[in-house]
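# Understanding the architecture of this molecule
Each chain, written out:
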Amino acid sequence: MIRTATSNASFLYVPADQSRLVAKAKSRRGAIILDLEDSVAPSRKEEALAAAVAFLSGDARNAEVWVRINPGAAGLHEAELLTECPNLTGLWIPKAEEAAYVQDIARRVSDTPGGGPALGLLIESARGVLALAELLSLPETQQVQLGEIDLAADLRHAASGRENMTWFRHWLITHAAAAGLPQPVGPVDADYTNLAGFKASCLSLRDIGFGSRACIHPAQADIAEQVFGTSAEDLAAAHALLDQYEAALRENRGALGDGSGSMIDAASVRSARRITGR
């Protein structure tokens, strides 16, 4: 059974202490990640947390808003404050490596109405990769994201090419599927000027099993919405395929064609059910 988590085609990182960028982001499609970690200067951590609490306690205009907290004790403190905010969707835990830490955060946020915010894990280190089976099997884990920039640094890669991350991408997808998690969130691309390259990488990530993309620029988020989002045509085609499949089952037929020379198989049915929710 797939564990429930909100489904978005894009997750746009926004520094929580930059009010102008936050105001622009909240009117967009997809999810927002208010960042308290890497994009916030150490001297502005308190201002960023206060700004995130204020935003989440005010008019978020029905935006889906997550927060990336800081690692360690700072993150525990932030989680406790943020979980009281009515408009918080979920927390992203950076550099996730230890199950005990994830469970500690879960305990601190679980007493809020509705059971507390969703928890997503950022896998950004060698220890995190080696602990994937344990981390993703936790009932508290509802989403996972690959942090390739930090992971490459931790692995001491001399170059940050996409090919270096191929194995880790497939490994994360495999563990997420085995744990019954939603499709993982694809990694950010630091080069926000090469939109053609970003689209190509989105297509590649989608084809191997990622369900959405983390972004650092609104233009990237627009592309992620196009690639990972479900169009009206895709939705209608999925419904039609299921209608055809279910009609065949009523006639005691388990195998059938889709009218274009291809066989409708179990994989295509699973995909159609995921798209439609049927």
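Everything that follows concerns the structure shown earlier in this document.
Quantities reported herein were computed from a predicted structural model and do not represent experimental measurements.

## Things to note about the overall build of the protein
Counting its secondary structure elements, the protein contains twelve helices and ten strands. Across its three principal directions, the C-alpha atoms of the protein cover 65 × 45 × 35 Å. Here the protein holds 278 residues, and the buried ones make up 46% of them. Look at the contacts in the protein between residues 6 or more apart in sequence, and 69% of them connect residues 24 or more apart.

## Quick notes on the environment of G75
Residue position: G75 is located in helix 3 (residues 72-82). Considered as a pair, G75 and I93 are 18 residues apart in the sequence and their alpha carbons are 7.9 Å apart. Once you skip the residues sitting within four places of it in the chain, G75 turns out to touch I69, N70 and Y101.

## Here we look at empty space enclosed by the protein
Using the criterion set out here, one finds one cavity of 30 Å³ or more in the structure. The computed volume of the largest cavity comes to approximately 30 Å³. Lining the largest cavity are I123, V129, L132, L146, F168, W171 and L172. It is helix 8 (residues 166-178) that provides the largest number of residues to the lining of the largest cavity, a total of three residues. Class assignment of the residues belonging to the lining of the largest cavity gives a composition of seven nonpolar, no polar and no charged.

## Thoughts on the side chain of N70
Within the fold, N70 resides in the loop between strand 3 (64-68) and helix 3. Looking at N70, the relative accessible area reads 8%, which means it is buried. N70 has contacts with L36, E37, K45, G75, E78, P94 and Y101, leaving out every residue within four places of it along the chain.

## Details of the pattern of salt bridges
Where charged atoms from two side chains of opposite charge approach closely, those side chains can pair. Scanning the model with the defined rule gives 14 salt bridges in all. Where K95 meets E37, a salt bridge forms, and the shortest distance between an N and an O atom there is 2.7 Å. Highlighted residues: K95 in the loop between strand 4 (88-93) and helix 4 (99-109) and E37 in the loop between strand 2 (31-35) and helix 2 (45-57), separated in sequence by 58 residues. Taking relative accessible area as the criterion, E37 reaches 4% and is therefore assigned buried.

Conventions adopted
- Numbers given to residues run from 1 along each chain, matching the order in which its sequence is written.
- Only residues with pLDDT of 70 or above have their local features reported here, since the model is predicted, and side-chain atom pairs are shown and tallied only from 80 upward, although totals for entire chains, interfaces and linings are computed over all residues.
- Note that water and hydrogens are dropped before the side-chain values are worked out from all heavy atoms of the structure.
- Each helix corresponds to a stretch of at least 4 residues labelled H or I by DSSP, and each strand to a stretch of at least 2 residues labelled E; elements are numbered beginning at the N terminus.
- Throughout, exposure labels follow a simple rule: accessible area from a 1.4 Å probe, protein chains only, divided by the maximum for the residue type, with under 20% read as buried, over 50% as exposed, and the rest as partly exposed.
- Two residues form a contact once any of their heavy atoms are found within 4.5 Å.
- Buried and open spaces are told apart on a 1 Å grid over the protein atoms alone, a cavity being a set of points where a 1.4 Å probe fits but cannot get out and a pocket being an open set with protein on both sides within 12 Å along at least five of seven lines. Residues with an atom within 4 Å of a point are the lining residues.
- Grid points are joined across faces, edges and corners, and a volume is the space filled by probe spheres set on the points.
- Each residue is assigned to one of three groups, with Ala, Val, Leu, Ile, Met, Phe, Trp, Tyr, Cys and Pro labelled nonpolar, Asp, Glu, Lys and Arg labelled charged, and all others, Gly among them, labelled polar.
- Salt bridges are identified by distance alone: a Lys or Arg side-chain nitrogen within 4 Å of an Asp or Glu carboxyl oxygen.

Read these as layout, nothing more, since geometry by itself doesn't imply function.
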